[in-house]
Amino acid sequence: MADMREPIETGCPDPWQYMHPVMRKNFGMWKYHEHPRPGVLRHVAYSGDEIWTVKVGTQRILDVFTLRKLCDIGEQYADGFVHFTLRSNLEYMVAEASKVEPLIKAVEDAGFIVGGTQNSVTMISHTQGWLHCDIPGTDASGVVKSMMDELIDEFKQANMPNRVHITTSCCQINCGGQGDIAINVQHTKPPKINHNLVANVCERPSVVARCPVAAIRPAIVNGKPSLEVDERKCICCGACYPPCPPMQINDPIHSQLAIWVGGNHSNARGKPTFQKLVAAGIPNNPPRWPEATAIVKRILKAYKEGARDWERVNEWIERIGWPRFFEEVELPFTKYHIDTWRGARASFNASNYIRF
Ligand code: SF4
Ligand code: SF4
């Protein structure tokens, strides 16, 4: 057995021990890869070895029974190795072409789907939501499940102009994602303060320091130390809620969803691009979020019909222009789409901690 290194307390475990032997042997020595069918990649190494990867869509949050079932398939049909991707897909790797079809059959017979490669809509990535985090304004995993149920064909078939990454985020300030299409929470009202609890629960200086526009001040309310919010300054970001839960900002009506498009990480050929807001005030409407899903489907349809081969969403919009984009996706363009906020320099300077 390979020598194990000493455990350390942080970081992910050493990946080498879990890697398929063909991948270990040919690490960094791949000659080319190809895409024989949606959901399958074939990598060929300089040594002549080849490895086939079958990508399987799963829900973001897996129960232990499903996980065992997936691992059993890996044990029986895929050389005993599984690999989770950042988008919660599972990848099985096999070293022989003859194992690919039986593996796909086993996966599909067990009720899972194969796809998500090359020019498909990949699995929507999302943040932790109510399972792990204490500040979500919506259930990101629920939004993902509802949307992917409707986009399943786009996952299984690779017939988009290029790859489409969709992300969701369950609060307005933290994890989130950089996606071609991003569905993010949007608070529209300042937080409501429960003054009876602030003195018992919150460290007031940390809450004051947390506000990006210096809208929070210490105050004495009903004879007790508390906080107050200057609502003319507040940008409803929700950053004060995590360190001070009595500053409640989540609300079933006023915490809504917004859709942003055109985000892309940099790569060898292009600079990063930022997402831009295209739809706001969408109801946060569980359990199926039909309004948000309908807009995402309209954007995907217009992109699929209008973009040239290999254009990403941001490149397509850049080419046709924003006015045409809004026409194509049938979304209203309003004054709220224009970023006119000029307060950052003055208000950041007013905070205790940030100085230019
Ligand atoms: S996006 Fe916000 S609410 Fe969701 S897991 Fe991240 S920090 Fe928590
Ligand atoms: S942290 Fe955000 S939500 Fe809280 S008061 Fe400041 S701007 Fe408003």
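The preceding data block contains the structure.
Here's a quick rundown of the structure.

About the cut-offs
Residues numbered from 1 in each chain as written. Chains lettered and ligands numbered in written order. Predicted model: local features only at pLDDT ≥ 70, side-chain atom pairs only at ≥ 80, totals over all residues. Heavy atoms only, no water. Salt bridge = Lys/Arg side-chain N within 4 Å of Asp/Glu carboxyl O. Helix = DSSP H or I, 4+ residues; strand = E, 2+ residues; numbered from the N terminus. Disulfide = S-S within 2.5 Å. Buried < 20%, exposed > 50% of the residue type's maximum accessible area, 1.4 Å probe, protein only. Contact = heavy atoms within 4.5 Å. Arc of directions from axis to C-beta.

### Overview of the pattern of salt bridges
Per the counting criterion, the structure on display carries 17 salt bridges. Close ionic contact of R217 with E228 constitutes a salt bridge, the shortest N to O distance being 3.1 Å. A residue pair is termed long-range when its members are at least 10 positions apart, and R217 in strand β11 (residues 216–221) and E228 in strand β12 (residues 224–229) qualify at eleven residues. A salt bridge links E305 to K301; the nearest nitrogen and oxygen atoms lie 3.5 Å apart. Of the two residues, E305 and K301 both sit in helix α8 (residues 290–306), four residues apart, roughly one turn of that helix.

### A few points about the state of the cysteines
By the definition in use, this model includes one disulfide. The side chain of C202 participates in a disulfide bridge whose partner is C244; the two sulfur atoms lie 2.2 Å from each other. Negative torsions about the S-S bond denote left-handed disulfides, and the value of about 75° found for C202 with C244 makes this one right-handed. Here C202, found in the loop between α6 (195–201) and α7 (204–210), pairs with C244, found in the loop between β12 and β13 (247–248); they are 42 residues apart in sequence, far enough to count as distant. The pair C202 / C244 is uniform in exposure class, with both members buried.

### So, the environment of W16
Tracing the backbone through its elements, the reader meets W16 in the segment before α1 (21–25). Of the residues examined, W16 reaches a relative accessible area of 36% and is grouped as partly exposed. Taking the C-alpha atoms as reference points, W16 and S266, 250 residues apart in sequence, are found 27 Å from one another. Those residues in contact with W16, other than ones at most four positions away along the chain, are R24 and F27.

### Overview of helix α3 (residues 100–109)
Each full turn of the α-helix corresponds to 3.6 residues, which orients residues three or four apart in the same direction. Those residues of α3 that sit buried are V100, L103, I104, A106 and V107. All buried residues of α3 lie within an arc of 160° about the axis, which places them on one face of the element. Facing away from the buried side of α3 by more than 90 degrees, the exposed set consists of K105 and D109. Buried residues belonging to α3 abut β1 (30–37), β2 (40–45), β3 (50–57), α2 (64–77), β5 (90–94) and β6 (113–114).

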